[in-house]
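Inside the fold
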Amino acid sequence: MNITYLSSIDELVEKGAALVAKSMKEAVSDRDQAMLVLSGGNTPRPVYERLAREPFGNTLPWDKTQIFFGDERMVPPDNPESNFRMACDALLDHIEIPPWNIHRIEGQDQPDVAAHWYDRQLREIGGPDAVPRFDLILLGLGPDGHTASLFPGTNVLEDRTHLAAPVHLPDDSQGVQHSQNRVTLTYPVINAARKIVFLVAGADKKQALDRVERGDETAPAARVKPVDGELLWLVVKS
Ligand code: 6PG
């Protein structure tokens, strides 16, 4: 595994923001468009805040960047638990990006309805049979080894037909502070990416990271294996 251990959150923020900026510029240079998936949770927030500031900010090609989300808690977009709201507060409200470039998972809807429409959006960009190939997917790691809303013990782990799916988290899901109803990208979309970067911080993730490093696929994050892409881990242990 390509793991970079960092000494602080500040270092993770600088490296994470630089990685996102580099991926965006390369994608726009090569294909005149960047396809980016943002992670939810707490760890990515300072990375997004950093991207809103110099030397990044509006020097990046946001007009040619499509923003999607790895998962969403099924709450309205103005709810403090919403991953969309976190991304807006930290980044999207502070840059010049066309609103139609932001593809929100409709958290206010029923999970199966929101998943259906998000799946449709993903198929529109990827073509009717193709799986969209994102330039960069950012992911986090939960203490139980989950990533996005691919949680242990959920049926979505075996879903190879949908691009996005509803998830109802078991009551005993570890490290779940928020909504038990989610919509998530599935492995086929995640593993089609050109680059996947995990942003991980906190001693509570050590056991999960050890499991992933051992290839223990009971940790859902261990099943993130890009078919033809790069997988990087930026980890702050403490
Ligand atoms: C979410 C995320 C989830 C998150 C991990 C790590 O909606 O919460 O998609 O997968 O990335 O739980 O969260 P932290 O970064 O807050 O530790």
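Here the structure is shown first, and the text comes after it.
Now for a look at the structure at hand. Every value quoted in this text rests on a predicted model; they were computed, and no experiment measured them.

With that out of the way, let us pick up the sheet that holds strand β6 (residues 164-168). Taken in spatial order, the three strands of this open sheet run β4-β7-β6, and their pairing is antiparallel. Looking along the sheet, the strands with just one partner apiece sit at the ends: β4 (71-73) and β6. Neighbour-to-neighbour, the strand axes of this sheet turn through a mean angle of 20 degrees, independent of strand direction. Across five bridges, β6 lies against strand β7 (residues 181-185) in antiparallel orientation. Bridging across to β7, Val167 finds its partner in Arg182.

Next up on the list: the nonpolar core. If you look at the biggest cluster of nonpolar residues, it comprises 81 residues, and the most contacted ones within it are Phe69, Leu92, Tyr118 and Trp233. No other element matches the nine residues that helix α1 (residues 9-31) contributes to this core. With sequence-adjacent residues up to four places away left out, Leu92 is seen in contact with Ile67, Phe69, Ala87, Ile97 and Ile102.

Among the five residues of strand β3 (residues 65-69), five are classified as buried, and the element is accordingly described as predominantly covered. Neither face of β3 is open: one carries Thr65, Ile67 and Phe69, the other Gln66 and Phe68, and all of them are buried. The pairing of strand β2 (residues 34-38) with β3 spans five bridges and is classified as parallel. Across the sheet, Leu36 pairs through a bridge with Ile67, a residue of β3. Remark: the β2/helix α2 (residues 45-51)/β3 crossover connection has right-handed handedness.

Along the chain, the position of Val227 falls in the loop between α6 (206-213) and β9 (230-236). Residue class for Val227 comes out exposed when judged on its relative accessible area of 73%. Residues Val227 and Ala203 lie 24 residues apart in sequence; the distance between their C-alpha atoms is 30 Å.

Glancing now at the pairing of β7. Here β7 lies mainly inside the structure; four of its five residues are buried. In the sheet, β4 pairs with β7 via three bridges, with the strands oriented antiparallel. Each bridged residue has a counterpart across the sheet, and for Arg73 the counterpart in β7 is Arg182.

Right, let's talk about the site of the ligand for a bit. Within the structure, the ligand sits among 15 residues, and Thr43, Asp71, His146, Ala148 and Lys205 are positioned closest to it. A distance of 2.7 Å is found between an oxygen atom of the ligand and a side-chain nitrogen or oxygen belonging to Asp71. Burial of the ligand by the protein chains amounts to 90% of its free accessible area of 410 Å². Looking at side-chain class alone, the shell around the ligand contains two nonpolar, nine polar and four charged residues.

Attention now goes to the environment of Arg50. The residue Arg50 is located in helix α2 in this model. Along the primary structure Arg50 and Met86 are separated by 36 residues, whereas in three dimensions their C-alpha atoms are 14 Å apart. In this structure, Arg50 is in contact with Val13, Glu14, Ala17, Pro55 and Phe56, ignoring residues within four places of it in sequence. Separated by 2.8 Å, the side chain of Arg50 and the backbone oxygen of Glu54 make a polar contact.

Backbone hydrogen bonds hold the strands of a sheet together, and the pairing may be parallel or antiparallel. In space, the six strands of this open sheet follow the order β1-β9-β8-β5-β2-β3, with parallel pairing throughout. Strand pairing shows two members of the sheet lacking a second neighbour, β1 (3-6) and β3, which therefore form its edges. Across this sheet, the average inter-strand angle for adjacent strands is 15 degrees, counted without regard to direction. Sheet topology note: the β2/strand β5 (residues 136-139) ladder contains two bridges and is parallel. Opposite Val37, over in β5, you have Ile137 as the bridge partner.

Reading the values: the criteria
Residues numbered from 1 in each chain as written. Predicted model: local features only at pLDDT ≥ 70, side-chain atom pairs only at ≥ 80, totals over all residues. Heavy atoms only, no water. Pairing = 2+ DSSP bridges. Helix = DSSP H or I, 4+ residues; strand = E, 2+ residues; numbered from the N terminus. Axes fitted to C-alpha atoms, helices over the stretch in contact; angles between N-to-C directions. Core = buried A, V, L, I, M, F, W, Y, C linked by side-chain atoms within 4.5 Å. Buried < 20%, exposed > 50% of the residue type's maximum accessible area, 1.4 Å probe, protein only. Contact = heavy atoms within 4.5 Å. Right-handed = clockwise from strand over helix to strand, strands pointing away. Near = heavy atom within 4 Å. Polar contact = N/O pair within 3.5 Å; in protein donor to acceptor, adjacent residues only side chain to side chain. Areas by Shrake-Rupley, 256 points an atom, 1.4 Å probe, with all protein chains shown as cover. Nonpolar A, V, L, I, M, F, W, Y, C, P; charged D, E, K, R; others polar.

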